[in-house]
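Structural description and commentary
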Amino acid sequence: MRKVIGIGETVLDILFRNEQPIAALPGGSVFNAMVSLGRCGVPAVMMSEVSDDRIGRYTTRFLSENGVKADLIQTNHHTQSPLSLAFLNEKNDAEYLFYKDHQHDCIDFGTRGEALPDIQADDILLMGSFYAVNPVIRDQVRMLIEKAHQAGAIIYYDVNFRPSHRGDVMRVMPQMMENFEFADIVRGSTEDFDTIYGKRDAEAIFQANIAFYCQNLICTDGSQPVKVITKGGFNKTYPVTAGTKPVSTVGAGDSFNAGFLFALLRHDITKQQISRGLAPAQWDALIASAQQFAAESCRDLYNYVSKDFGRRMQERQLFAE
């Protein structure tokens, strides 16, 4: 059975409205997507580290309770659990403050990858955020990426490069370009690309900075249309359907990723098909699913699709052996 393997940071997200805390929940970009996938019955494996404290133990337990395999989560004894503060405005969009010491990121798969999971052809590796480019753990992360590549897995890279890391752009650019080269699909927001390149035009970014390495770009822009651009000539803009006012947009992009990966499995899209170039109808189905998941996660304060939504997906028995 095909599975999704995610690697990324874990944090405790604390949400504020009118300067007052209103919720606290485990988070992290890849983490959020993996929880959504686990709730939908997708075989999911999370690779990360947690601190040896109450938050770290809760984070690991939360994964397991939501259908995500957590036995490869490592414990970092040298740091406290990181925090992400999300301040919701009148539109329920968030402004962030992060409290994390990236210098103490510490994940270890062994000198020869002894602790890496089994990866098969057409499994999916999801990676993203600063964790995917952090020089401190790059050798270990690269080990996982190379194993996925050699196995013939689909590699999905969510850039998710926050403005708080603007000063790190030049330092991590080699790692980012290497991620582009390994990736089958790159997803980034206009904010990401403005932070990295100082420009927001998706087509210009693709042609100048990504097309040489990766043939598929998905560019999101909050409530504005989604653009898909491929080296094979597919170029389409997908409007975002207006719905009810979101309760929180904190996990929208992460749920977009989950919905896209969910549809890759649902429609049995393989790495070979992606390499050859997907048909317009396939892109339409993938983006529709991604937008459905993103809209669902905005319906409440949590960073993931609801358990009820996940049960509805599971009722379709899409991933039965």
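Up top you'll find the structure we're talking about.
What counts and how
- Residues numbered from 1 in each chain as written.
- Predicted model: local features only at pLDDT ≥ 70, side-chain atom pairs only at ≥ 80, totals over all residues.
- Heavy atoms only, no water.
- Helix = DSSP H or I, 4+ residues; strand = E, 2+ residues; numbered from the N terminus.
- Contact = heavy atoms within 4.5 Å.
- Axes fitted to C-alpha atoms, helices over the stretch in contact; angles between N-to-C directions.
- Parallel < 35°, antiparallel > 145°, perpendicular 65-115°, else oblique.
- Left-handed = near helix turned anticlockwise from the far one by under 90°.
- Expected span 1.5 Å × (residues − 1).
- Pairing = 2+ DSSP bridges.
- Buried < 20%, exposed > 50% of the residue type's maximum accessible area, 1.4 Å probe, protein only.
- 1 Å grid on protein atoms, 1.4 Å probe; cavity = no way out; pocket = protein on both sides within 12 Å on 5 of 7 lines; lining within 4 Å.
- Points joined across faces, edges and corners; volume = space filled by probe spheres on them.
- Nonpolar A, V, L, I, M, F, W, Y, C, P; charged D, E, K, R; others polar.

**Re the environment of Ala202**
- Tracing the sequence through the fold places Ala202 in helix α6 (residues 202-210).
- Distance in space between the C-alpha atoms of Ala202 and Tyr157 is 16 Å, their sequence separation being 45 residues.
- Once you skip the residues sitting within four places of it in the chain, Ala202 turns out to touch Leu217, Cys219, Lys227 and Ile229.

**Focus on the packing of helix α7 (residues 252-266) against helix α9 (residues 280-297)**
- With their axes 7 Å apart at the nearest point, α7 and α9 run at an angle of 140 degrees to one another. Classified by the angle between their axes, α7 and α9 sit oblique to one another. Every pair of crossing elements has a handedness; the one defined by α7 and α9 is right-handed. Residues Ala252, Ser255, Phe256, Ala258, Gly259, Phe260, Phe262, Ala263 and Leu264 of α7 lie in contact with α9, whose contacting residues are Trp283, Ala285, Leu286, Ile287, Ser289, Ala290, Gln291, Phe293, Ala294 and Ser297.

**Looking at α7**
- Between its terminal C-alpha atoms α7 stretches 20 Å, which fits the 21 Å expected from 15 residues at 1.5 Å a residue.
- Phi turns positive, to about 50 degrees, at Asp268, one or two residues after α7.

**Observations regarding the pairing of strand β3 (residues 20-27)**
- Relative to β3, strand β2 (residues 11-17) runs antiparallel, the two sharing 7 bridges. Opposite Arg17, over in β3, you have Gln20 as the bridge partner.
- What sits between β2 and β3 in their antiparallel hairpin is a turn of 2 residues, with Asn18 showing a positive phi close to 55 degrees.

**A word on the pairing of β2**
- Of all 7 residues that make up β2, 6 are buried, and the element is covered over most of its length.
- Pairing of β2 with strand β8 (residues 83-88) involves 6 bridges; the strand directions are parallel. Paired with Ile14 across the bridge in β8 is Leu85.

**Considering the layout of surface pockets**
- Its boundaries defined by the atoms lining it, the largest pocket holds a volume of some 1400 Å³.
- Taken together, 39 residues form the lining of the largest pocket, with Gly222, Ser223, Thr249, Ala252 and Cys298 sitting closest to its centre.
- Elements that contribute at least two residues to the lining of the largest pocket include exactly β9 (94-99), β12 (185-189), α5 (190-197), β13 (216-221), β14 (224-230), α7 and α9.
- It is α7 that provides the largest number of residues to the lining of the largest pocket, a total of 4 residues.
- Of the residues in the lining of the largest pocket, the class split is 13 nonpolar, 14 polar and 12 charged.
- Its boundaries defined by the atoms lining it, the second largest pocket holds a volume of some 360 Å³.
- Around the second largest pocket, the lining is made up of 22 residues, and of these Glu9, Val11, Ser84, Phe98 and Arg162 lie nearest the centre.
- Of all the elements in the fold, those that place two or more residues in the lining of the second largest pocket are β2, α1 (29-39), β8 and β9.
- Looking at the lining of the second largest pocket element by element, the count peaks at 3 residues for β9.
- Per-class residue counts for the lining of the second largest pocket are 8 nonpolar, 9 polar and 5 charged.

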